[in-house]
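Single-letter residue listing:
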Amino acid sequence: MDFRWTDEQAQLKKAARDFMEKEIIPNADEWDKMKPLSKELVVELMDKMRPFGYVGGMAPKELGGEDLDYMTDGLLMEELWRAFPSLALVVMIQSHMILGLAREGSDYHKEKFLSKMMTGEMIASAGITEPNVGSNPRLMETTAVLDGDNYVVNGSKIWISNGSISDMCMLVVSVDRAKGKKGIARILIDREESPYERRDLNKLGLRSSPTGELTFEDCTVPRANLYTPEGEGLKETLRGFELARCHLAIGSVGIAQAAIDATMKYVVQREQFGKLIGNFQLVQSALADMLADTEASRLLAYRGLSLVQEGVKCAWETSLAKFYATEAGVRVASRALQLHGAYGLSEEFPLERYFRDARTMTIPDGTTDIQKLIIGRELTGLNAFI
């Protein structure tokens, strides 16, 4: 295994970090107080980041992307998560939706949605979680009933990333509740064409990343917008989690690295008992633990990305990356906050934001507990949940 970046990847990583240091990080604390980020600001920032390969960079060049491999996209996303996690989550969702449409969408879907998503004219979301359906997407309650040339959609989705500023939604629905998981499909909804209600939800961390509740009441959607037919919807949704879990692991690595970077600056400046606190054995021991957690998480996350890139079955590997990295991110951010003392609690320092963001990462796309059950199922062949 080669753990080194190519020269091109190293140059891209440096360019992305330089951009983040100049354009994003100085504004991150101020933007974090915006709940949520406005669509206008999101589009403006996407425009600035697009030349580096952000926002759809993994899509084919003929569709406006850069043909980036998953590892290169991962290193880009790590730099964005390190700089401003709330924005990184917006970009992650947009990029995943673009990649999915580029690979699986019909010519009609690509023509209708893709170019607008690439430019940011259309902000995308994925409607999976429901008020009564979280870790078990087999029990979808949102329905799409075929009526002539249209589907009539009823139901609600909650905790939807990008939801409160979304212009379109890839909605996981049941087209036949009697068939259970075999009746689950996915459908693309253009909000201008098929209006739905959006409500913003406030959160502990990632608080300026728009998160919404979406409500569909007799929402009429063209039949041609069917994205994944019944019987395939659940399988494709679960398959998509593998990439999402790797990217959330990468996100936690970025947050942890930001916490380490801030702590390193602090301990070589702060004096107590007549010397720099970086001289203290307990401080150096804490730094070693923080680095070990971060490096282990990084290796698990990039291994997961490499396996997803290869198209091999990697349920336990990606679940391991997600649960370990997000929990490690909490440990690292908490230790960094502690080493800053009272300054770690102050909004004048970024540590409290790192901690809130890190803690939030253990929940989306499968909680830590669900990831452990997936790993246990893959190891034993025994399913601890339905």
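Our subject is the structure listed above.
What you see is a predicted model; the values in this text were computed from it and never measured. Within every chain, residues take consecutive numbers counted from 1 along the sequence as written. The model is predicted, so local features are restricted to residues of pLDDT at least 70 and side-chain atom pairs to those at 80 or more, both for listing and for counting; the totals for chains, interfaces and linings are taken over all residues. Side-chain numbers come from the whole structure's heavy atoms, not from hydrogens or water.

J.: Quick question: what am I supposed to make of unusual backbone geometry here?
T.: Among all residues except glycine, the phi angle is most often negative; among peptide bonds, the trans geometry is most common. With an omega dihedral of -5°, the bond running from Lys-35 to Pro-36 counts as a cis peptide bond. Each helix is a run of H or I in the DSSP string that is no shorter than four residues. Each strand is a run of E no shorter than two, and both are numbered from the N terminus. Looking at where Pro-36 falls in the secondary structure, it is placed in the loop between helix H1 (7-32) and helix H2 (39-49). Despite not being glycine, Trp-159 has its phi angle at roughly 60°, a positive value. Mapped onto the secondary structure, Trp-159 falls in strand S3 (residues 150-161). The exposure class of Trp-159 is partly exposed, given its relative accessible area of 48%. The classification of residues rests on relative accessible area computed with a 1.4 Å probe and restricted to protein chains. Under 20% of the type maximum is buried, over 50% is exposed, and intermediate values are partly exposed.

J.: Explain empty space enclosed by the protein here, please?
T.: One simple way to see leftover space: roll a probe sized like a water molecule over the atoms. Think of a 1 Å grid over just the protein atoms. A cavity is a set of points where a 1.4 Å probe fits yet cannot get out, a pocket is an open set with protein on both sides within 12 Å along at least five of seven lines, and lining residues have an atom within 4 Å of a point. Grid points are joined across faces, edges and corners, and a volume is the space filled by probe spheres set on the points. Going through the model one piece at a time under the given rule, you end up with 1 cavity of 30 Å³ or more. One number sums up the size of the largest cavity: a volume of about 40 Å³. Contributing to the lining of the largest cavity are Asp-29, Asp-32, Lys-33, Arg-207, Glu-347, Glu-352, Arg-353 and Arg-356. Of all the secondary-structure elements, those providing two or more residues to the lining of the largest cavity are H1 and helix H9 (351-360). Looking at the lining of the largest cavity residue by residue, the classes come out as no nonpolar, no polar and 8 charged. In the scheme used here, Gly and all other residues not listed as nonpolar or charged are polar, with Ala, Val, Leu, Ile, Met, Phe, Trp, Tyr, Cys and Pro taken as nonpolar and Asp, Glu, Lys and Arg as charged.

J.: Whenever I open this one, the pairing of S3 confuses me. Can you help?
T.: Two strands are counted as paired when DSSP detects at least two bridges linking them. Looking at chain direction, strand S2 (residues 143-147) and S3 are connected through 5 bridges and run antiparallel. When the bridges of S3 are listed, Thr-143 appears paired with Asn-154. Linking S2 to S3, which pair antiparallel, is a turn of 2 residues; within it Gly-148 sits at a positive phi near 70°. As judged from the 9 bridges shared by S3 and strand S7 (residues 211-222), these two strands associate in the antiparallel manner. Bridge pairing links Lys-157 to Leu-214 in S7.

J.: Quick question: what am I supposed to make of the packing of aromatic side chains here?
T.: Pairing of aromatic side chains here covers Phe, Tyr and the six-membered ring of Trp, requires ring centres within 6.5 Å, and sorts the geometry by plane angle: under 30 degrees stacked, over 60 edge-to-face, intermediate tilted. Using the criterion set out here, one finds 7 aromatic pairs in the structure. With a centroid separation of 5.1 Å and 45° between ring planes, the pair formed by Phe-19 and Phe-52 is classed as tilted. Linking Phe-19 in helix H1 with Phe-52 in the loop between H2 and helix H3 (70-83), this pair joins segments that are 33 residues apart in sequence. What makes Phe-19 buried here is its relative accessible area of 11%. For the pair Phe-273 and Phe-280, a centre-to-centre distance of 6.5 Å together with 65° between the ring planes defines the contact as edge-to-face. A relative accessible area of 78% places Phe-273 in the exposed class. Any Lys NZ or Arg CZ found within 6 Å of a ring centre and within 35 degrees of that ring's normal is scored as a charge over the ring. A cation over a ring is seen here: Arg-191 above Tyr-196, with NZ or CZ 5.6 Å from the ring centre. The ring of Tyr-324 carries the charged tip of Arg-331 above its face, separated from the ring centre by 5.4 Å.

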